[in-house]
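One letter stands for each residue in the lines below.
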Amino acid sequence: RIPDKWLDAHPGGNLSLLHFVGRDATDEIEAYHFDNTLSLISRYAVGRVQNSLEQPWVPLVPPIMAGWVRRKDADGKPYWHREAVEQRSTSNTATAPSSQILLLSTDASPLQEKGLAGPTEATLTPPPATLSLQAQARLSQAYRDLHQRVTEAGLYETPYLTGYGPEVARYTLLAVLSAYAYSHQWFMTSAVFLGLLWHQLVFTAHDLGHMGVTHNWTLDRLISIGIADFIGGLSIGWWVQNHNVHHIVTNHPSHDPDIEHIPFFAISTSFFSSLWSSYYKRTMVFDRFAKFLISLQHKLFYIVMAFARFNLYANSYVYLFQKASDTKRARGGTWAWRLEVLGIAFFWSWYGRVLYGTGSWQTALAYLLISHIVPSPLHVQIVLSHFSMSTADLGPTESFPHRQMRTTSDVICPESIGWIHGGLQLQVTHHLFPRLPRHNLKKASVLVKQFAEENQLTYAEFGFVAGNKDVLGVLRNVAEQVKIVGMVAQSEVVEAVEKSTPELKNKQG
């Protein structure tokens, strides 16, 4: 049992836990936590359940995945609140399997039950699964054996000298070149080098957010705040919360914030239903404006991605604003939040001074745009590993390794330029072992490919150019569906008008 106080203080956010209520989360817990943390779990045990390869645990649908959450009234007493209505698949296709549950706004379904005090047994019972529970249990056991081999190979040991040594030198060089160019009033050159510095620093901030550098939460968080907030102007606290949920429910339309980009992008026609986001706690309205943009999304893709960093600012500052009045802060308490706010203020102080020092608003605007557009290939790289992969919900029966390999792909590149991708082009291995130092992902990927072959799993990988083509193909296909839906709707309106016109004339006659 997880006490409310501990749930609210979970460093990875409470959503990471709520998505596994009623499910076997052994693999996820071991993948995301170190041994000293795992040793604390026994304190919260209230009993044991039957869970073996022959008789695996029969999972339930977590309440949050059915639209139910716990809240507290004015007196502090908890109660169930229905924030969304579940929409269970009525078909069994590759894109909409029988196991799929999506969420809609409570205002969107006239058939919702009234007066429910909480989730019912029917709500918590999963729809028919397309996967074998026993087969997934065997796959889960094979993954644990793989995890053991990765650990014994010493791949959780951070290569400080050979891994981060060259990176620190690279960061320093880029910073010096940017400052040198600026001092000689080569402002556009300075902006390019600053953008490259931001691009490269993100990879280390990513490692720190996963506790993959010193493996100490406090030290990793302090360093990451220095990089993300003070140098980059982004909240590492927001990123960790967002990224953990992405890893847990990868590519689920109602739950993964990393694919919830309405009104700009939709990688599945599921978003046409104006889905509810359990992360953002709002309806992703598929209105006329969204339809217009998404009908052109394959043409606007690189333009939107060029300005993606501004969206990161918005998400970061909304998160910090919300945490200002949130008494349920995770580990680090007040000091981490205050340090982040200080870091953001410091960033805009030095960066604002840089822009002001260019001498004119035209030059300042050009500097702003160039320094922000230069890191945009990073945003493209990130979406390549997921946008072209499955967004189907295979239900709580699906095991952790099966879900990660089904929804994630690698970007193939020569080892000599792997540093440009930060080593995170190996996303399949990273999603299976998120705490693994990224400098060791190459070695671990060899073991993962063996694991995939032994268990008849697809290890998806493609080149950077081919990956871009796949993503654009997905965006184009969805855009074409928007147009088709619009044509059908228009045709139905015309047909309705034509039918009503004779009736109207008869009445007037």
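Scoring rules and cut-offs
Residue positions are given per chain, counting from 1 as you read along its sequence in written order. Local features are withheld for residues below a pLDDT of 70 in this predicted model, meaning they are given only at 70 or higher, and side-chain atom pairs are given and counted only at 80 or more; totals for whole chains, interfaces and linings count all residues. The basis for every side-chain value is the complete set of non-hydrogen atoms in the structure, without hydrogens or water. Pairing of aromatic side chains here covers Phe, Tyr and the six-membered ring of Trp, requires ring centres within 6.5 Å, and sorts the geometry by plane angle: under 30 degrees stacked, over 60 edge-to-face, intermediate tilted. Burial here depends on accessible area, computed with a 1.4 Å probe over protein chains only, as a share of the maximum for the residue type. Under 20% is buried, over 50% is exposed, and the range in between is partly exposed. The way it works is that DSSP assigns letters per residue, a run of H or I at least four long becomes a helix, a run of E at least two long becomes a strand, and they are numbered from the N terminus. UniProt positions are given in the numbering used here, feature names are shortened, and annotations may be inferred rather than shown by experiment. In what follows, salt bridge is the name for a side-chain nitrogen of Lys or Arg lying within 4 Å of a carboxyl oxygen of Asp or Glu. In summary, the charge assignment counts Lys and Arg as positive and Asp and Glu as negative, without counting His or the chain termini. Residues are treated as being in contact if the distance between any of their heavy atoms lies within 4.5 Å.

1. Let's talk about the packing of aromatic side chains
For the structure shown, the criterion picks out 24 aromatic pairs. Taking 5.9 Å as the distance between ring centres and 70° as the angle between the ring planes, the aromatic pair formed by Tyr 180 and Trp 186 counts as edge-to-face. Taking relative accessible area as the criterion, Trp 186 reaches 43% and is therefore assigned partly exposed. Arranged with centres 5.9 Å apart and planes meeting at 65°, the rings of Trp 348 and Tyr 351 form a pair that is edge-to-face. With Trp 348 and Tyr 351 both in helix 14 (residues 333-356) and three residues apart, the pair spans about one turn of that helix. When its relative accessible area of 36% is taken as the criterion, Trp 348 is described as partly exposed. Take Tyr 351: its relative accessible area is 0%, and that puts it in the buried class.

2. Quick look at the UniProt feature "domain: Cytochrome b5 heme-binding" (unreviewed entry) in the protein
The sites that UniProt annotates as "domain: Cytochrome b5 heme-binding" (unreviewed entry) are residues 5-50. The distance from the first to the last C-alpha atom of residues 5-50 is 28 Å, and the span holds 41% helix and 0% strand.

3. Quick word on the pattern of salt bridges
All chains considered together, the criterion is met by nine salt bridges. A salt bridge links Arg 403 to Glu 28; the nearest nitrogen and oxygen atoms lie 2.8 Å apart. Of this pair, Arg 403 sits in helix 17 (residues 400-407) while Glu 28 sits in helix 3 (residues 26-32), and the two are 375 residues apart along the sequence. Each member of the pair Arg 403 and Glu 28 is classed as buried. A salt bridge links Arg 88 to Glu 86, with the nearest nitrogen and oxygen atoms 2.9 Å apart.

4. What to know about the environment of Gly 423
Looking at the element boundaries, Gly 423 is found in the loop between strand 7 (410-412) and helix 18 (427-432). Each C-alpha atom of the pair Gly 423 and Phe 203 lies 8.3 Å from the other, and the pair is 220 residues apart in sequence.

5. Quick look at the side chain of Asp 229
Take Asp 229: it is sitting in helix 9 (residues 217-231). As a buried residue without a salt bridge, Asp 229 has its nearest oppositely charged side chain in Arg 221, at a separation of 7.7 Å. Discounting residues that sit within four places of it in the chain, Asp 229 has contacts with Ser 224, Leu 234, Ser 235, Ile 236, Glu 340, Gly 343, Ile 344 and Phe 347.

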